[in-house]
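Listed below are the residues making up each chain.
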Amino acid sequence: MKWDFAFTAEILPKMLWATGNTLLAAGMGYAIAAVIGLLFALAQRTPLRILTYITREIVEFIRSTPLVLQIFFVYYVGPEYGLYLSPWVAGMIAIGLHYAAYLSEVYRGGIESVPKGQWEACTAINLTTMQTYRRIVLPQALPPAIAGMGNYLVAIFKDTPILSVIGVAELMQAANAVGGQNYRYLEPYTMVGVIFLVISLTSARAIRWFEATVRRKLGMQ
Amino acid sequence: MTYASFLADYGSRFVDGALVTAIQFLCSLGLAVVVANLFGLMLLSSNPTLRRAAVGYVEFFRGTSLLVQLFWLFYVLPLFGITLDNFLTGFLAVGLNLGAYGAELVRGAIQSVPRGQWEASYALSMSPAQRMRRIILPQAFVTMLPAWGNLVIELLKSTALVALIAVPDLMFEARQLNNTTYLSTWTFGTALAIYYVFSRFLITPCMRWTERVMARRIGRA
């Protein structure tokens, strides 16, 4: 089997377009995960013990079951109750919730790293809980959390190929389609591998640089 | 149809699938441990060629997605005349991939062994092999066990992907059952529950127990 450069050139536009979709899926999934993850993390810090307990169990459950099964679950279970989700919507919900569970742990670690004195000082100057979180705690919880958040950004990107199982038109799905039409799998699958390698290595660099910048800006070294 | 009669009819399929998943898990765990130790030690080697090879391996397997690697091994390798059995392809891909993550854990743990331990074994004129085997590795092992706990759960979850190359594991059986019965909530729900029991009530306690035993054996705790 030899590498066919003409074929590579022919499918390249299709693959690059699909790369755009992959990045979009990763970005949207991450945005959902970032918001829901914060809710998961904050829910575990309320004085309501039962809420803490339930959230903890949900997070544990999501973290210990496979993403691919969760994607199938969300996609196929909806219609049983009359809720028809498109592959994109189902995929975003599944991957968003999955990584929300992981991000909530990162946030929790970040919030717990804020010294106790900061909380006490907030009480002393009469800040509300909302103000305490928004102005004092979360800005300081962010820098230690950036490395972990960045790792999961790369991880979510690398998990997007799993969305192809329910037919989300991302990179893996495009490679399957191109390969099936032409009976040539060498070029499409190898190209997917190369594209993933390039993007994840560059983004890992970018995240390290970003973390250093944020730490400098906030005066933490 | 009630859930009880559903289980009576199809329960054996779940059991068969769970067994295949368990075997896949053990095979890929074995491979991942070997790969992790080999490349983890190579990452610390004083020989630049070995070190570069290990860095290349780790970056490659961590940078490209597991599903891409799995499909590449399954669809592209046969084009070069190497046809592997589905089952073998499955645990090769999972083991090689998770082994790359494990290699970083091994490297980190060995580096975290205090400087004095290295110097003391040097002072006792131990050979490098003796020093590694009797002084450094046992301590590194205890240090990295908690991180391995997470990695082992990831490994179990990753084995669900081998269903996509038709290894009849738990995920595969659930998908087949869903296609024939259309009872999505029950089939996928049961599979999710089995994965959850595996990781929460089998793997996690096992890892905790190993952590305790090993910590006691080297006299910490």
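Residues numbered from 1 in each chain as written. Chains lettered and ligands numbered in written order. Predicted model: local features only at pLDDT ≥ 70, side-chain atom pairs only at ≥ 80, totals over all residues. Heavy atoms only, no water.

*Asks:* What should I look at first to understand the overall build of chain A in this one?
*Replies:* Check the secondary structure of chain A and you find eight helices and zero strands. With respect to the principal axes defined by its C-alpha atoms, chain A has extents near 70 × 50 × 25 Å. Within chain A, the proportion of its 221 residues that are buried is 46%. Here the analysis covers contacts within chain A between residues at least 6 apart in sequence; of these, 76% occur between residues at least 24 apart. Side chains of chain A give 17 positive and 12 negative charges; the mean places of these two sets differ by 11 Å. (Helix = DSSP H or I, 4+ residues; strand = E, 2+ residues; numbered from the N terminus. Buried < 20%, exposed > 50% of the residue type's maximum accessible area, 1.4 Å probe, protein only. Contact = heavy atoms within 4.5 Å. Lys, Arg positive; Asp, Glu negative; His and termini not counted. Charge placed at Lys NZ, Arg CZ, Asp CG, Glu CD.)

*Asks:* Can you walk me through helix H4 (residues 86-112) of chain B in this structure?
*Replies:* Given 3.6 residues per helical turn, the α-helix brings residues three or four places apart onto the same face. For H4 of chain B, spanning 27 residues, the distance from its first C-alpha to its last is 39 Å, which sits close to the expected 39 Å at 1.5 Å a residue. For H4 of chain B, the principal kink sits at Ala 100 of chain B and spans about 30°. (Expected span 1.5 Å × (residues − 1). Bend = angle between axes of the 7 residues up to and from the residue.)

*Asks:* Sorry, what's going on with the packing of aromatic side chains here?
*Replies:* Each aromatic ring pair is summarised here by two numbers: the centre-to-centre distance and the angle between the ring planes. Applying the stated rule across the entire model yields 27 aromatic pairs over all chains. Aromatic pair Phe 87 of chain B and Phe 91 of chain B: ring centres 6.0 Å apart, planes at 70°, arrangement edge-to-face. Here the residue Phe 87 of chain B and the residue Phe 91 of chain B both occupy positions in helix H4, the gap between them amounting to four residues, near one helical turn. Here a set of aromatic residues connected by ring pairs shows up, and it is made of Tyr 185 and Tyr 189 of chain A together with Phe 71, Phe 74 and Tyr 75 of chain B. (Phe/Tyr/Trp six-rings, centres within 6.5 Å; stacked < 30°, edge-to-face > 60°.)

*Asks:* Help me understand the environment of Leu 84 of chain B, please; the structure alone is not making it clear to me.
*Replies:* Residue and element names in this part refer to chain B. On the secondary structure map, Leu 84 appears in the loop between helix H3 (66-76) and H4. For Leu 84, a relative accessible area of 25% corresponds to the partly exposed category. Leu 84 sits 104 residues away from Phe 188 along the chain, and the two C-alpha atoms are 29 Å apart. Among all residues touching Leu 84, those that are not within four sequence positions of it are Leu 77, Thr 89 and Leu 92.

*Asks:* Explain the UniProt feature "domain: ABC transmembrane type-1" (unreviewed entry) in chain B to me, please; I cannot follow it from the model alone.
*Replies:* Per the UniProt record, "domain: ABC transmembrane type-1" (unreviewed entry) is found at residues 18-207 of chain B. Overall, residues 18-207 of chain B shows 83% helix and 0% strand. The separation of its end C-alpha atoms is 20 Å. (UniProt positions renumbered as here; feature names shortened; annotations may be inferred.)

*Asks:* When you look at the packing of helix H6 (residues 129-159) of chain A against helix H8 (residues 186-217) of chain A in this model, what are you seeing that I'm missing?
*Replies:* Geometry of a packed helix pair, given as the angle between the helix axes and the separation of the axes. All names here are of chain A. Two numbers describe how H6 lies on H8: the axes approach to 10 Å, and their chain directions differ by 165°. With respect to H8, the element H6 is oriented roughly antiparallel. Two packed elements cross with a definite hand, and for H6 against H8 that hand is right-handed. Residue-level contacts link Pro 143, Pro 144, Ile 146, Ala 147, Gly 150, Val 154, Phe 157 and Lys 158 of H6 to Phe 196, Ile 199, Ser 200, Ser 203, Ile 207, Phe 210, Glu 211, Val 214 and Arg 215 of H8. (Axes fitted to C-alpha atoms, helices over the stretch in contact; angles between N-to-C directions. Parallel < 35°, antiparallel > 145°, perpendicular 65-115°, else oblique. Left-handed = near helix turned anticlockwise from the far one by under 90°.)

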